[in-house]
Amino acid sequence: MNSDVILKVENLKTYFNTDDGIVKAVDGVSFELHKGETLGIVGESGCGKSVSNLSVMKLIPSPPGKIMAGKALLYGENIFDMTSDEVRRLRGNRISMIFQDPMTSLNPFLRISTQMVETIRLHQGMDRKDAKKKAVEMLQLVGIPNPGKRVVDYPHQFSGGMRQRVMIAMALSCNPEILIADEPTSALDVTIQAQILEIIKELTRKLGTAVIMITHDLGVVAGICDKINVMYAGKIVEEAPVDDLFHDPQHPYTRGLIKSVPRLDKPHKGRLFSIEGQPPNVIDLPDCCPFHPRCKQALDICRKKYPPETAIGEKRCVSCWLFKEGK
Ligand code: SF4
C-alpha cells in the first residue's frame with residue numbers, strides 16, 4: 001500500500017434487509033484517502049454517501065443493515081476485522097465524525113466541559129486538569145469567544161453555529177488522523193456555513209488531519225476539497241480532482257449536477273436547470289446503468305449492463321458506457 005494512503009476502502013457493499021426487498025445502499029464502493037487530503041463525497045439523498053462512511057466506522061445498525069463485502073483498511077489494518085473494543089478505541093481517537101445537527105451528538109444534560117474532558121481523558125489518557133486545559137484551547141481554536149468561561153455552559157446556551165464549532169473542537173481534540181464531516185453545514189444559514197467550512201479547512205490543514213466531506217451541496221466541496229467522488233444509487237460514478245471535476249465534468253450525472261448550481265459569474269435568465277426524473281428506488285436494482293431513465297445520452301447497452309469503470313487520465317475515473325463506446 002502507498003505509504004501516503006491512510007484509508008483504503010475496497011469494494012464495500014452494505015445492504016439493508018427490508019420488508020420490501022434488499023436495499024443495496026452501498027454497492028461496490030472503493031476509494032483511497034491520503035494523508036492531509038480532503039475528499040468530497042457528493043450525490044443526492046439516498047445515494048449511499050453517508051452509509052459508506054458509517055460502514056467504515058462500523059456504525060451500521062444491524063439488523064436491518066449488514067456489511068456484505070469489502071474492506072476498510074486503516075494503514076493496512078482492516079477495520080471490519082477489529083473487535084468492538086478496538087473499534088471503540090478507534091472512534092474519536094483516530095477517526096472522528098461530525099454530523100449535520102450537533103444536538104444529536106452533544107448531550108443536552110451535560111456541560112460542554114464534562115463532555116469534552118471525558119472524551120479527551122478517555123482517548124488521550126490525560127488527567128482532568130490537563131484535559132480541561134486542552135478543551136479550552138480547542139474551543140479557542142474554533143473561535144468560541146471567552147472559551148475559559150463558555151466551557152462550563154450547556155449545549156442549549158450556544159447558537160447552532162457555535163454548537164457546530166463545539167462539535168468540531170470536540171472531534172479534533174484527540175488529534176484524529178481522519179475527520180468525517182457528514183453534511184456539517186446543512187442546518188446552518190449561509191454566512192455561518194462559510195465560517196464553519198473555513199474553520200474545518202484551516203484547522204485540519206494546521207493539524208494535518210485528512211477529511212472526508214459528505215454533502216449534497218457542490219458549493220461546499222468546491223472551496224474545501226482536493227478531490228471528489230460523485231455517487232449515484234450506491235456506486236461511485238465519477239472521481240476526479242476538484243478543479244477537473246468543476247471545469248470538465250465527464251459523467252452525464254455530474255454534468256447535470258454542476259449545471260444545476262446557480263453561478264454568480266454567469267447569470268442565468270429563466271428557470272435554473274434541474275436533472276429530470278427522480279433517483280431510482282434502490283430496492284432490487286437491475287444490473288444496468290441506474291441513471292439511464294434520466295440520461296439524455298443513454299445508449300441501448302446502458303439499459304442492459306452496468307458500465308465498467310474507465311480511467312480517463314492519471315487521476316480520473318468514470319463509470320459510463322459513453323467512455324467505452326465512444327462519445
Ligand atoms: Fe447515461 Fe449510459 Fe452513461 Fe448511464 S452509462 S450515464 S445511461 S450514457
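Conventions adopted
Residues numbered from 1 in each chain as written. Predicted model: local features only at pLDDT ≥ 70, side-chain atom pairs only at ≥ 80, totals over all residues. Heavy atoms only, no water. Core = buried A, V, L, I, M, F, W, Y, C linked by side-chain atoms within 4.5 Å. Buried < 20%, exposed > 50% of the residue type's maximum accessible area, 1.4 Å probe, protein only. Helix = DSSP H or I, 4+ residues; strand = E, 2+ residues; numbered from the N terminus. Domains from an automatic or database assignment. Contact = heavy atoms within 4.5 Å. 1 Å grid on protein atoms, 1.4 Å probe; cavity = no way out; pocket = protein on both sides within 12 Å on 5 of 7 lines; lining within 4 Å. Points joined across faces, edges and corners; volume = space filled by probe spheres on them. Salt bridge = Lys/Arg side-chain N within 4 Å of Asp/Glu carboxyl O. Near = heavy atom within 4 Å. Sits in = over half its atoms within 2 Å of the grid points. Nonpolar A, V, L, I, M, F, W, Y, C, P; charged D, E, K, R; others polar. Phe/Tyr/Trp six-rings, centres within 6.5 Å; stacked < 30°, edge-to-face > 60°. Lys NZ or Arg CZ within 6 Å of the ring centre and 35° of its normal. Buried area = accessible area lost by both parts, 1.4 Å probe. Polar contact = N/O pair within 3.5 Å; in protein donor to acceptor, adjacent residues only side chain to side chain.

## Some thoughts on the nonpolar core
Core analysis: the biggest nonpolar cluster contains 91 residues, and Leu 7, Phe 31, Ile 79, Ile 168, Ile 212 and Met 213 have the highest contact counts within it. With seven residues, helix α6 (residues 160-172) is the single largest residue contributor to this core. Shared between two domains, this core holds at least three residues of each, these being domain 1 (1-94 + 177-191 + 206-263 + 274-279) and domain 2 (107-175). Beyond its immediate sequence surroundings of up to four residues, Ile 212 is in contact with Leu 7, Phe 31, Leu 33, Leu 39, Ile 41, Asn 53, Leu 179, Ile 180 and Ala 181.

## Observations regarding empty space enclosed by the protein
Inspection of the entire model under this criterion finds one cavity of 30 Å³ or more. Taken as a whole, the largest cavity encloses approximately 80 Å³ of empty space. Every residue lining the largest cavity is counted, 14 residues in all, and those nearest its centre are Cys 289, Cys 295, Cys 302, Cys 320 and Trp 321.

## Some points on the pattern of salt bridges
Throughout the structure, instances matching the rule amount to 13 salt bridges. Measuring nitrogen to oxygen at the nearest pair gives 3.3 Å for the salt bridge that ties Lys 235 to Asp 27. Placement of Lys 235 in strand β10 (residues 235-241) and of Asp 27 in strand β2 (residues 21-34) is noted, with a sequence separation of 208 residues between them. For the pair Lys 235 and Asp 27, a shared accessibility class is recorded, and that class is buried. A salt bridge links Glu 37 to Lys 227, with the shortest nitrogen-to-oxygen separation between them at 3.4 Å. Linking Glu 37 in the loop between β2 and β3 (38-42) with Lys 227 in strand β9 (residues 227-232), this pair joins segments that are 190 residues apart in sequence. One salt-bridge network, held together by shared partners, links Lys 8, Glu 10 and Glu 32.

## A closer look at the site of the ligand
Inspection of the region around the ligand gives 13 residues, with Cys 289, Cys 295, Cys 302, Cys 320 and Trp 321 positioned closest. With respect to the detected pockets, the ligand is housed in the largest cavity. Residue classes in the shell around the ligand are distributed as ten nonpolar, three polar and no charged.

## With respect to the packing of aromatic side chains
Summed over the entire model, instances satisfying the criterion amount to three aromatic pairs. Relative to Phe 291, the ring of Tyr 232 lies with its centre 5.2 Å away and its plane at 85°, an arrangement referred to as edge-to-face. Remark: Phe 291 occurs in the loop between α10 (252-259) and β11 (309-311) and Tyr 232 occurs in strand β9; sequence separation between them is 59 residues. Three or more aromatic residues joined by ring pairs make a cluster, and in this case those are Tyr 232, Tyr 253 and Phe 291. Sitting over the face of the ring of Phe 158, Arg 150 holds its NZ or CZ atom 4.1 Å from the ring centroid.

## As for unusual backbone geometry
Cis geometry is adopted by the peptide bond preceding Pro 63, which originates at Ser 62 and carries an omega value of -10°. At the junction of Pro 63 and Pro 64, the peptide bond is cis and its omega measures out at 10° in the coordinates. Along the chain, Pro 64 falls in the loop between α1 (49-56) and β4 (65-74). The backbone of Tyr 75 sits at a positive phi, close to 50°, despite the residue not being glycine.

## Some points on the domain arrangement of the chain
According to the domain assignment, the chain contains domain 1 (1-94 + 177-191 + 206-263 + 274-279) and domain 2 (107-175). Each of domain 1 and domain 2 has a C-alpha centre, and these two points are 27 Å apart. Listed by partner, the interface residues are twelve residues for domain 1 and ten residues for domain 2. Summed over both partners, the interface of domain 1 with domain 2 comes to about 810 Å²; 60% of that surface belongs to carbon and sulfur atoms. On the surface where domain 1 and domain 2 come into contact, there are two residue pairs in polar contact (both at pLDDT 80 or more). Listed by contribution, the elements that provide at least two residues to the side of domain 1 that touches domain 2 are α2 (84-90) and α7 (190-207). Residues of the side of domain 1 that touches domain 2, tallied by class, amount to four nonpolar, three polar and five charged.

## Considering the layout of surface pockets
Within this model, the largest pocket holds a volume of roughly 460 Å³. In terms of lining residues, the largest pocket is bounded by 20 residues, among which Arg 91, Gly 92, Thr 119, His 123 and Met 170 are the most central. Of all the secondary structure elements, the ones that give two or more residues to the lining of the largest pocket are α2, β6 (95-98), α3 (112-124) and α6. Per element, the largest residue contribution to the lining of the largest pocket is five residues, and it comes from α3.

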